[in-house]
Amino acid sequence: MGTAFTICRTVEDDWPLVRELRIENATDNPISYGATLETTRGMTEDDWRLRARRGQGIDTTSLAAVDDLSGRWIGMMSAQIGDEDGPGPVLTGVFVSPAFRGRTHGVADALLGGIVDWAGQRADHLRLYVYEHGTPARRFYIRHGFVETGRTRPVGFTDGSTLEMVRALEQAGRPGGAPR
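Quantities reported herein were computed from a predicted structural model and do not represent experimental measurements.

Q: How do you make sense of the overall build of the protein chain when you look at a structure like this?
A: Looking only at helices and strands, the protein chain has 6 helices and 7 strands in total. Helices and strands in the protein chain line up, N terminus first, as β-α-α-α-α-β-β-β-α-β-α-β-β. If one aligns the C-alpha atoms of the protein chain with their principal axes, the spans along those axes are about 40 × 40 × 35 Å. The buried share of the protein chain, taken over its 180 residues, is 41%. For the protein chain, contacts bridging at least 24 residues in sequence account for 60% of all contacts bridging at least 6.

In structure tokens, the structure reads:
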């Protein structure tokens with residue numbers, strides 16, 4: 001049986017919980033977080049407050065999955081409008097604690113659903129970058145309709161590249177939700 005959890009937007013006062021989960025993320029897989037553990041531990045309270053506030057932003061969102069039984073944060077996903085590769089929504093900061101991964105729990109599916117809903121109110125596509133050797137992550141995104149674009153980026157702090165993937169979105173308020 002799956003885990004009972006709630007998805008919520010992060011707020012600035014959540015910064016200690018954001019920090020705790022992101023340190024777990026950087027420890028488990030620094031490539032998925034985009035920073036080394038050393039860099040992550042070196043971030044200031046103001047840095048963490050900024051990240052927690054993303055859930056309250058106009059051009060950003062940050063969602064947390066919270067275990068209903070324990071109150072422990074078990075996953076996060078964030079997104080923002082635009083980056084150096086384009087103006088549309090970009091999925092960032094994806095992490096689910098190892099014990100809560102997989103379809104049985106549904107944590108990543110629920111978090112991504114929230115991000116897709118948010119992005120669909122803003123654009124007709126959602127982009128992301130995934131580590132080229134991150135086979136489980138790539139399978140997850142493919143299962144959710146993402147396709148590789150052929151664009152890559154170097155990881156920066158280790159060998160390897162990330163691959164851009166994109167998914168067409170149904171937008172709220174358009175007849176039939178058909179892509180433009």
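Q: Sorry if this is basic, but what is going on with the pairing of strand β4 (residues 86–96) here?
A: As a general feature of sheets, a regular strand has side chains that alternate between the two faces. The sheet contact formed by strand β3 (residues 73–83) and β4 spans 7 bridges and is antiparallel. Its bridge partner being in β4, Met76 is matched across the sheet by Phe95. Here β3 folds back onto β4, and the loop between the two strands holds 2 residues.

Q: What should I look at first to understand the pattern of salt bridges in this one?
A: Side chains that differ in charge, positive against negative, can pair when their charged atoms come close. Here the structure, examined in full by the defined rule, presents 14 salt bridges. Among the salt bridges present, the one from Arg72 reaches Glu24, with a minimum N-O distance of 3.1 Å. Of the two residues, Arg72 sits in the loop between β2 (60–67) and β3 while Glu24 sits in helix α1 (residues 15–28), which places them 48 residues apart along the sequence. Exposure remark for Glu24: the relative accessible area of 22% places this residue in the partly exposed category. With a closest N to O distance of 2.8 Å, Glu45 and Arg49 form a salt bridge. Here Glu45 pairs with Arg49, and both are found in helix α4 (residues 45–53), just 4 residues apart, close to one helical turn.

Q: In this structure, what is going on with the nonpolar core? I would like to understand it.
A: Most often, soluble globular proteins keep nonpolar side chains buried together rather than apart. If you look at the biggest cluster of nonpolar residues, it comprises 25 residues, and the most contacted ones within it are Leu91, Val107, Leu126 and Tyr141. At the level of elements, β2, β3, β4, α5 (107–120), β5 (125–131), α6 (135–143) and β7 (161–168) are the ones that each hand at least two residues to this core. Broken down by element, the residue count for this core peaks at 7 residues, all from α5. Once you skip the residues sitting within four places of it in the chain, Leu91 turns out to touch Met77, Ser78, Ala79, Leu112, Ile115, Leu126, Arg127, Leu128 and Tyr141.

Q: Where do I start with the side chain of Thr10 in this structure?
A: Mapped onto the elements, Thr10 comes out in the loop between β1 (5–9) and α1. Of note is the side chain of Thr10, whose polar atom sits 2.7 Å from the backbone oxygen of Ala52. Of the polar contacts made by the side chain of Thr10, one reaches the backbone nitrogen of Gly55; its length is 3.3 Å. Apart from residues lying up to four places away in sequence, Thr10 is in contact with Val18, Arg51, Ala52, Arg54, Gly55, Gln56, Ser62, Ala64, Trp73 and Met76.

Q: Honestly, the environment of Thr27 in this entry has me stumped. Any pointers?
A: Within the fold, Thr27 resides in helix α1. Through-space distance from the C-alpha of Thr27 to that of Gly42 is 13 Å; in sequence the pair is 15 residues apart. Engagement of the side chain of Thr27 in a polar contact is seen with the backbone oxygen of Ile23, the distance being 2.7 Å.

Q: Please clarify how the packing of aromatic side chains should be interpreted in this entry.
A: Describing an aromatic ring pair means giving the distance of the ring centres and the angle of the ring planes. Applying the stated criterion to the full structure yields 2 aromatic pairs. With a centroid separation of 5.3 Å and 70° between ring planes, the pair formed by Phe140 and Tyr141 is classed as edge-to-face. Across this residue pair, the class does not change: Phe140 and Tyr141 are buried. Arranged with centres 5.6 Å apart and planes meeting at 70°, the rings of Tyr141 and Phe146 form a pair that is edge-to-face.

About the thresholds
Residue numbers run consecutively from 1 along every chain, following the written order of its sequence. This being a predicted model, a pLDDT of at least 70 is required before a residue's local features are given, and a value of 80 or more before pairs of side-chain atoms are given or counted; all residues contribute to the totals for chains, interfaces and linings. Remark: hydrogens and water are excluded; side-chain values derive from all non-hydrogen atoms of the structure. Helix and strand labels come from DSSP, where a helix needs a run of H or I of at least four residues and a strand needs a run of E of at least two; each type is numbered from the N terminus. A simple rule labels every residue: compare its accessible area, found with a 1.4 Å probe on the protein chains alone, to the largest value its type can have, and call it buried under 20%, exposed over 50%, or partly exposed in between. Note on contacts: a residue pair is in contact if any heavy atoms of the two residues lie within 4.5 Å. Two strands are counted as paired when DSSP detects at least two bridges linking them. Salt bridge, as applied in this entry: a Lys or Arg side-chain nitrogen positioned within 4 Å of an Asp or Glu carboxyl oxygen. In plain words, nonpolar cores are sets of buried Ala, Val, Leu, Ile, Met, Phe, Trp, Tyr and Cys residues tied together by side-chain atoms within 4.5 Å. What qualifies as a polar contact is a pair of N or O atoms within 3.5 Å, subject to a donor-acceptor requirement within protein and to the restriction that residues adjacent in sequence count only when both atoms come from side chains. Side-chain rings of Phe, Tyr and Trp (the six-membered ring for Trp) are treated as a pair once their centres are within 6.5 Å; stacked means planes under 30 degrees apart, edge-to-face means over 60, and tilted covers the remaining angles.

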